[in-house]
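Given next are the chains, with one letter for each unit.
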Amino acid sequence: MDGISGGDDFAVGCVLTIKTTFGNEFEGQIITYDRPSNILVFQEGLKSNPQSRRNIRLLKANYIKEFSFLGQSEDPLDLKNCYLDLNSLQSKEDAAVRKAEIDVERIGVGVTAEAQSIFDALSKTLPVRWDKTVIVVMNEVRVSSPYLAESVTGGIPAANERVRKVLELERRRLQTRGGGQ
């Protein structure tokens, strides 16, 4: 919309229906307007329960094709009216920390990229973990550097054979990928 670049029409708290130049249409309340970047920040989801989730949408004002003023609402940034589910946020943080800890344990320290690739391949079908630079499979089979079939020790013969087979297949795949480069 040609006339929308000054942002003076966009006061915090205004509830608008917006049609964009991309053909999208949505309803939202203006949270803020950043004049230097010409970006409006909208809060969507006003019709539902005040404690429900809401979407935040950032939109460059020059992408607004047309808008309709639906009314003025309370200040969206008024702390008395803001609701944060701290238990939900804490649960999300705890889950993210647990996932990060699990992800970190899957990365070998002081091992080659090839060793990490072998670990990753084994982990797709078998429970694995690192014990320094040794890959431990099913808590009994150990694969030491240089991570060849002959490097497999411990465990029952069937488990050893399974690990050797995956190891050989991964080594072939690595050689094929390395030879094609």
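In this report, we go over the structure that sits alongside the text. (Residues numbered from 1 in each chain as written. Predicted model: local features only at pLDDT ≥ 70, side-chain atom pairs only at ≥ 80, totals over all residues. Heavy atoms only, no water.)

This next bit is on the packing of aromatic side chains. Under the counting rule described, the total for this entry stands at three aromatic pairs. Relative to Tyr63, the ring of Phe22 lies with its centre 5.0 Å away and its plane at 35 degrees, an arrangement referred to as tilted. Of this pair, Phe22 sits in the loop between strand S1 (14-20) and strand S2 (25-34) while Tyr63 sits in the loop between strand S4 (55-60) and strand S5 (64-72), placing them 41 residues apart in sequence. Taking the relative accessible area as the measure of exposure, Tyr63 reaches 34% and is therefore partly exposed. The interplanar angle of 10 degrees and the centroid separation of 4.8 Å between the aromatic rings of Phe119 and Trp130 together place this pair among those described as stacked. Linking Phe119 in helix H2 (residues 113-123) with Trp130 in strand S6 (residues 128-131), this pair joins segments that are eleven residues apart in sequence. Each member of the pair Phe119 and Trp130 is classed as buried. In this arrangement the basic side chain of Arg57 is found over the ring face of Phe26, its NZ or CZ atom lying 3.9 Å from the centre. (Phe/Tyr/Trp six-rings, centres within 6.5 Å; stacked < 30°, edge-to-face > 60°. Helix = DSSP H or I, 4+ residues; strand = E, 2+ residues; numbered from the N terminus. Buried < 20%, exposed > 50% of the residue type's maximum accessible area, 1.4 Å probe, protein only. Lys NZ or Arg CZ within 6 Å of the ring centre and 35° of its normal.)

The antiparallel open sheet is built from five strands, whose spatial order is S4-S3-S2-S1-S5. The sheet is open, and its two borders are formed by S4 and S5, each paired with just one other strand. Pairwise comparison of adjacent strand axes, ignoring direction, gives a mean angle of 40 degrees for this sheet. Alignment of S2 against strand S3 (residues 39-44), held across five bridges, turns out to be antiparallel. Paired with Tyr33 across the strands is Leu40, a residue of S3. (Pairing = 2+ DSSP bridges. Axes fitted to C-alpha atoms, helices over the stretch in contact; angles between N-to-C directions.)

Cis geometry marks the peptide bond from Ser145 to Pro146, where omega comes out at 15 degrees. At Lys132, a position not held by glycine, the phi torsion is positive, near 60 degrees. On the basis of relative accessible area, Lys132 is assigned to the exposed category, the value being 71%. The phi dihedral of Met138 is positive, around 55 degrees, even though this residue is not glycine. Of note, Met138 is situated in the loop between strand S7 (134-137) and strand S8 (141-143). Judged by its relative accessible area of 28%, Met138 falls in the partly exposed class.

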